[in-house]
Amino acid sequence: MDSNKKGLNTLCTHEGDLEDKQFKGVVSPLYMSTAYAFDDVDIKRYPRYYNTPNQEALCKKLAALEHAEAALIFGSGMAAISTALMAFLQAGDHIVLQQTMYGGTYHFAVTQLNKYGIDYSFTDGWNVEDFEKEIRPNTKVIYIETPSNPLLTITDIAGVAQLAKNKGIVSMIDNTFASPINQNPIDFGVDVVLHSATKYMGGHSDICAGVVTASQEHIDIVFQSAICFGGSLSEYTVWLLERSIKTMAIRVKAQNENAMKMAEYLAKHAEVEQVYYPGLETHPDHELAKSQMNGFGGMLSFDLPNVDTSLFFKHLKLIKPVMSLAGVESTMISPVTTSHALMSPEDREKQGIKDYLIRFSLGIEEIEDLIEDIEQSIAKVKALTVSA
Ligand SMILES: *Cc1c(COP(=O)(O)O)cnc(C)c1O
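Here is what the cut-offs are and how they apply
Residues numbered from 1 in each chain as written. Predicted model: local features only at pLDDT ≥ 70, side-chain atom pairs only at ≥ 80, totals over all residues. Heavy atoms only, no water. Helix = DSSP H or I, 4+ residues; strand = E, 2+ residues; numbered from the N terminus. Contact = heavy atoms within 4.5 Å. Patch = residues over 30% accessible without salt bridge, like charges linked within 9 Å, V, L, I, M, F, W, Y side chains within 5 Å. Areas by Shrake-Rupley, 256 points an atom, 1.4 Å probe, with all protein chains shown as cover. Salt bridge = Lys/Arg side-chain N within 4 Å of Asp/Glu carboxyl O. Buried < 20%, exposed > 50% of the residue type's maximum accessible area, 1.4 Å probe, protein only. Pairing = 2+ DSSP bridges. Axes fitted to C-alpha atoms, helices over the stretch in contact; angles between N-to-C directions. Near = heavy atom within 4 Å. Polar contact = N/O pair within 3.5 Å; in protein donor to acceptor, adjacent residues only side chain to side chain. Nonpolar A, V, L, I, M, F, W, Y, C, P; charged D, E, K, R; others polar. Domains from an automatic or database assignment. Buried area = accessible area lost by both parts, 1.4 Å probe. Left-handed = near helix turned anticlockwise from the far one by under 90°. Expected span 1.5 Å × (residues − 1).

Engineer: I'm lost on the environment of Val 27 in this one. Help?
Structural biologist: Examined against the element boundaries, Val 27 turns out to sit in the loop between helix H1 (8-14) and helix H2 (53-65). Note: C-alpha distance between Val 27 and Leu 280 (253 residues apart in sequence) is 40 Å. In contact with Val 27, other than residues within four places in its own chain, are Leu 18, Asp 20, Trp 239 and Lys 246.

Engineer: Even after reading the chapter, I still don't get a nonpolar patch on the surface, so can you show me in this structure?
Structural biologist: Together, Leu 30, Met 32 and Tyr 236 make up an exposed nonpolar region whose accessible area comes to about 280 Å². With respect to the helices, strands and loops of the structure, Tyr 236 is situated in helix H9 (residues 235-245). Under the relative-accessibility criterion, Tyr 236 is labelled partly exposed at 41%.

Engineer: Got a minute to help me understand the sheet that holds strand S1 (residues 70-74) in this structure?
Structural biologist: Sheet strands associate in pairs through backbone hydrogen bonding, adopting either a parallel or an antiparallel arrangement. On the basis of which strands lie adjacent, the open sheet formed by 7 strands has the order S1-S7-S6-S5-S4-S2-S3 and mixed pairing. Each edge of the open sheet is held by one strand with a lone partner, namely S1 and strand S3 (119-122). Put simply, the sheet's adjacent strands are angled 20 degrees from each other on average, direction ignored. Where helix H3 (residues 77-88) meets the sheet, its contacts fall on S1, strand S2 (94-97), strand S4 (139-145), strand S5 (170-174), strand S6 (192-196) and strand S7 (210-214), and the angle it forms with S6 comes to roughly 155 degrees.

Engineer: Can you help me understand the site of the ligand in this one?
Structural biologist: Taken together, 13 residues are adjacent to the ligand, and Gly 77, Met 78, Asp 174, Thr 198 and Lys 199 come closest. Here an oxygen atom of the ligand and a backbone polar atom of Gly 77 are 2.9 Å apart. Contacts to the ligand include Ser 196, whose side-chain N or O atom sits 2.9 Å from an oxygen atom. About the coverage of the ligand: the protein hides 92% of its 380 Å² of free accessible area. Ranked by the residues each element gives to the shell around the ligand, the list is headed by H3, at 3 residues. Looking at the shell around the ligand, its residues break down into 5 nonpolar, 5 polar and 3 charged.

Engineer: Quick question: what am I supposed to make of the domain arrangement of the protein chain here?
Structural biologist: Here the protein chain is described as being made up of domain 1 (3-245) and domain 2 (249-387). One C-alpha centre belongs to domain 1, the other to domain 2, and the line joining them spans 27 Å. Listed per partner, the contact involves 33 residues of domain 1 and 37 residues of domain 2. Approximately 3000 Å² of surface area, both sides summed, lies buried where domain 1 meets domain 2, with 58% of it carried by carbon and sulfur atoms. The three residues of domain 1 that bury the most area against domain 2 are Leu 151, Asn 182 and Tyr 200, which together make up 25% of that side's buried surface. Summed over the shared surface of domain 1 and domain 2, the result is 0 salt bridges.

Engineer: Would you mind going over the packing of H2 against H9 with me for this structure?
Structural biologist: For any two helices packed against each other, the geometry comes down to the angle between their axes and how far apart the axes lie. It is at 9 Å that the axes of H2 and H9 come closest, and there the two elements cross at 35 degrees. By crossing handedness, the relation of H2 to H9 is classed as left-handed. Packed against H2, whose contacting residues are Asn 54, Gln 55, Leu 58, Lys 61, Leu 62 and Leu 65, the element H9 presents Glu 235, Val 238, Trp 239, Leu 241, Glu 242 and Ile 245 at the interface. Tallied by class, residues from the contact of H2 with H9 come to 7 nonpolar, 2 polar and 3 charged.

Engineer: Which parts of the structure should I look at to understand H2?
Structural biologist: Since the α-helix turns once every 3.6 residues, residues separated by three or four places project in the same direction. Over its 13 residues, H2 runs 19 Å from end to end, which matches the ideal 18 Å to within 8%, given 1.5 Å per residue. The element H2 is extensively covered by neighbouring structure, given that 11 of its 13 residues are classed as buried. Every buried residue of H2 is accounted for by Pro 53, Asn 54, Gln 55, Ala 57, Leu 58, Cys 59, Lys 61, Leu 62, Ala 63, Ala 64 and Leu 65. On its buried side, H2 packs onto H1, S1, helix H7 (179-182), S7, H9 and helix H10 (248-268). Phi turns positive one or two residues past the end of H2, at His 67, with a value near 60 degrees.

Engineer: Teacher, can you tell me more about the sheet that holds strand S10 (residues 331-333) here?
Structural biologist: Strand order in the open sheet formed by 4 strands is S8-S9-S11-S10, and the pairing between neighbours is antiparallel. Pairing within the sheet leaves two strands with one partner each, and these edge strands are strand S8 (274-276) and S10. The average undirected angle you get between the axes of adjacent strands in this sheet is 20 degrees. One ladder, built from 3 bridges, connects S10 with strand S11 (residues 357-361); its direction is antiparallel. Note on S11: the bridge partner recorded for Ile 333 is Arg 359. Sitting on the sheet, H10 touches S8, strand S9 (299-303) and S11, and the angle it makes with S9 is about 10 degrees.

Here it is as structure tokens:
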């Protein structure tokens with residue numbers, strides 16, 4: 001059966017399964033071997049060759065979910081991103097990166113690329129023209145992230161992919177915030193799709209991993225760097241990630257639904273100045289988001305100007321103020337003191353990141369319980385500030 005014709009939950013649950021021929025168990029057996037026979041075999045297997053049985057099984061599932069021909073799994077999202085970038089760049093090359101992006105990728109660009117003689121520029125905005133303006137004769141890669149962190153801006157995936165194609169440039173996207181459930185960039189012409197599997201793929205805040213999906217031709221290029229950098233993931237975690245992805249579509253759809261309801265609730269809240277969520281009709285790129293996303297995702301941000309952020313976090317009982325995102329448990333952070341703390345106040349202001357912005361990762365709890373938690377915490381902080 002053509003895997004593209006199977007439903008999402010079926011792909012998540014079954015695609016790539018290893019059969020337990022010995023005991024007829026229902027889940028993929030876990031092969032922990034780091035040593036495999038090298039003589040008289042078709043495939044010489046080794047963990048850092050990215051071809052152990054469990055890696056191959058999971059890669060089939062990942063490729064099917066991203067509508068790609070092939071995939072590679074890494075020890076973290078940054079291992080996947082840095083390996084993919086170094087696979088397509090060499091001394092004398094130039095890369096165009098989107099202005100707002102994951103802090104770790106930004107850090108990689110500004111601290112590592114020049115060491116290898118690679119030049120980079122950041123765009124001034126998110127429009128296709130903003131990317132076109134930065135292209136030079138030696139540009140080899142265009143890198144986008146949509147929806148972006150933390151303001152959930154939307155980049156025109158097909159527009160940027162076409163621009164890159166016209167100029168013979170490789171296009172890459174960080175698809176972590178959307179997950180393959182909400183967005184499949186390869187359908188819009190992007191060459192290389194990257195994920196921090198630490199987020200929605202793992203989904204339970206207990207796995208660190210990364211993924212690259214692309215055509216076989218592009219994966220072969222990434223593979224040549226991957227065997228040298230050696231960022232492969234341990235077999236047990238590969239197996240755990242396969243287990244996690246079985247419920248990914250169910251989880252992400254529940255998180256989409258919670259985020260939409262939460263965005264609507266916050267948009268009406270007297271203390272909330274603005275809500276950033278691509279699912280809201282008031283979001284400036286709502287139509288673009290609708291045209292390229294199957295769901296609007298479980299991430300949103302909001303401005304809470306007159307309630308002390310750290311006190312608000314302190315009085316939450318259910319929602320956890322922690323750094324990571326995309327787990328089944330709801331979490332919040334203040335970008336100014338965490339993910340974007342290293343950015344200058346001027347740069348933050350230029351990007352529209354206010355000091356009282358809160359980034360919210362919706363979990364799968366009942367929406368009423370989450371709303372109640374926010375209500376009681378705001379009420380407590382207000383009472384404290386009035387009496388003080
Ligand atoms: C977390 C994250 C990464 C980095 O992934 P790690 O698994 O922490 O290395 C990259 N991009 C985005 C959008 C992320 O949220």
